[in-house]
Amino acid sequence: MADLEDLNKPFDPFADVEEDQGVSQTNYLHLRIQQRNGRKTLTTLQGLPKEIDSKRLLKAVKKAFACNGTVVEDEEHGEIIQMQGDQRVKMAEFLVNEGIAKKAEIKVHGF
């Protein structure tokens, strides 16, 4: 009788894999670019560790890159830093130079 109950339950072959990958995927910092109106773009940084103060980091980045930005709170992804313009390469170099992340931990997305 127990075998029939097992057949009725859906089998998820990735159940264990998702839990293992969830830990490793959160280690990456994701730099993305979003198109706004016309030539305007927005750069987002997601995946910062909790121990890093996003607002303080943003203040230093705004001063270094001469751009504006904000910190947006998202339920699923946590704190996301948004900056004006295409700052992906500069931001990746900044994070490595400041010792916040290693080059292998940063994923740059976009065109």
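Residues numbered from 1 in each chain as written. Predicted model: local features only at pLDDT ≥ 70, side-chain atom pairs only at ≥ 80, totals over all residues. Heavy atoms only, no water.

Looking up the chain in an unreviewed UniProt entry gives the name SUI1 domain-containing protein, with the organism given as Mucor lusitanicus CBS 277.49. Taken directly from UniProt, the Function (unreviewed entry) text for the chain runs: "Probably involved in translation." In the Sequence similarities (unreviewed entry) part of its UniProt record, the chain is described as follows: "Belongs to the SUI1 family." (UniProt positions renumbered as here; feature names shortened; annotations may be inferred.)

This brings us to helix H4 (residues 88–97). Among all positions in H4, only Arg 88, Met 91, Ala 92, Phe 94 and Leu 95 are buried. An end-on view of H4 places all buried positions within 160 degrees of arc, on one side of the element. Those residues of H4 that are exposed and angled more than 90 degrees off the buried face are Val 89 and Asn 97. Packing partners of the buried residues in H4 comprise strand S1 (29–35), strand S2 (41–46), helix H3 (54–65), strand S4 (78–84) and strand S5 (106–108). (Buried < 20%, exposed > 50% of the residue type's maximum accessible area, 1.4 Å probe, protein only. Helix = DSSP H or I, 4+ residues; strand = E, 2+ residues; numbered from the N terminus. Arc of directions from axis to C-beta. Contact = heavy atoms within 4.5 Å.)

In this section: the packing of H3 against H4. The geometry of a pair of packed helices is captured by two quantities: the angle between their axes and the separation between those axes. Two numbers describe how H3 lies on H4: the axes approach to 12 Å, and their chain directions differ by 125 degrees. Between H3 and H4, the crossing angle belongs to the class labelled oblique. Considering only the axes of H3 and H4, their crossing is right-handed. Between H3 and H4, the contacting residues are Leu 57, Ala 60, Val 61, Ala 64 and Phe 65 on the first element and Lys 90, Met 91, Phe 94 and Leu 95 on the second. (Axes fitted to C-alpha atoms, helices over the stretch in contact; angles between N-to-C directions. Parallel < 35°, antiparallel > 145°, perpendicular 65-115°, else oblique. Left-handed = near helix turned anticlockwise from the far one by under 90°.)

Here we come to a negative patch on the surface. Among the surface-exposed residues, Asp 53, Glu 73, Glu 75 and Glu 79 lie close enough to one another that they form a single negatively charged patch. Its relative accessible area of 44% is what places Asp 53 among the partly exposed residues. (Patch = residues over 30% accessible without salt bridge, like charges linked within 9 Å, V, L, I, M, F, W, Y side chains within 5 Å. Areas by Shrake-Rupley, 256 points an atom, 1.4 Å probe, with all protein chains shown as cover. Salt bridge = Lys/Arg side-chain N within 4 Å of Asp/Glu carboxyl O. Lys, Arg positive; Asp, Glu negative; His and termini not counted. Charge placed at Lys NZ, Arg CZ, Asp CG, Glu CD.)

What follows is about the side chain of Ser 54. Mapped onto the secondary structure, Ser 54 falls in helix H3. In this structure the side chain of Ser 54 is engaged in a polar contact, spanning 2.5 Å, whose partner is the side chain of Glu 79. The contacts of Ser 54, once residues within four sequence positions are left out, are Leu 48, Val 71, Glu 79 and Ile 81. (Polar contact = N/O pair within 3.5 Å; in protein donor to acceptor, adjacent residues only side chain to side chain.)

The next point concerns the pattern of salt bridges. Applying the stated criterion across every chain yields a total of one salt bridge. Here Asp 86 makes a salt bridge to Arg 88, at a shortest N to O gap of 2.9 Å. Asp 86 gets classed as partly exposed once you look at its relative accessible area, which sits at 41%.

The next point concerns H3. Helix length check: H3 (12 residues) gives 16 Å between terminal C-alpha atoms against 16 Å at 1.5 Å per residue, within 8%. The complete set of buried residues in H3 reads Ser 54, Leu 57, Leu 58, Val 61 and Phe 65. Buried residues of H3, seen end-on, are gathered within an arc of 100 degrees and therefore sit on one face of the element. Summarising the geometry of H3, the exposed residues directed more than 90 degrees from the buried face are Lys 55, Arg 56, Lys 59 and Lys 63. Turning to H3, the residues buried within the fold contact S2, strand S3 (69–74), S4 and H4. Immediately downstream of H3, the backbone of Ala 66 shows phi near 55 degrees, a positive value. (Expected span 1.5 Å × (residues − 1).)

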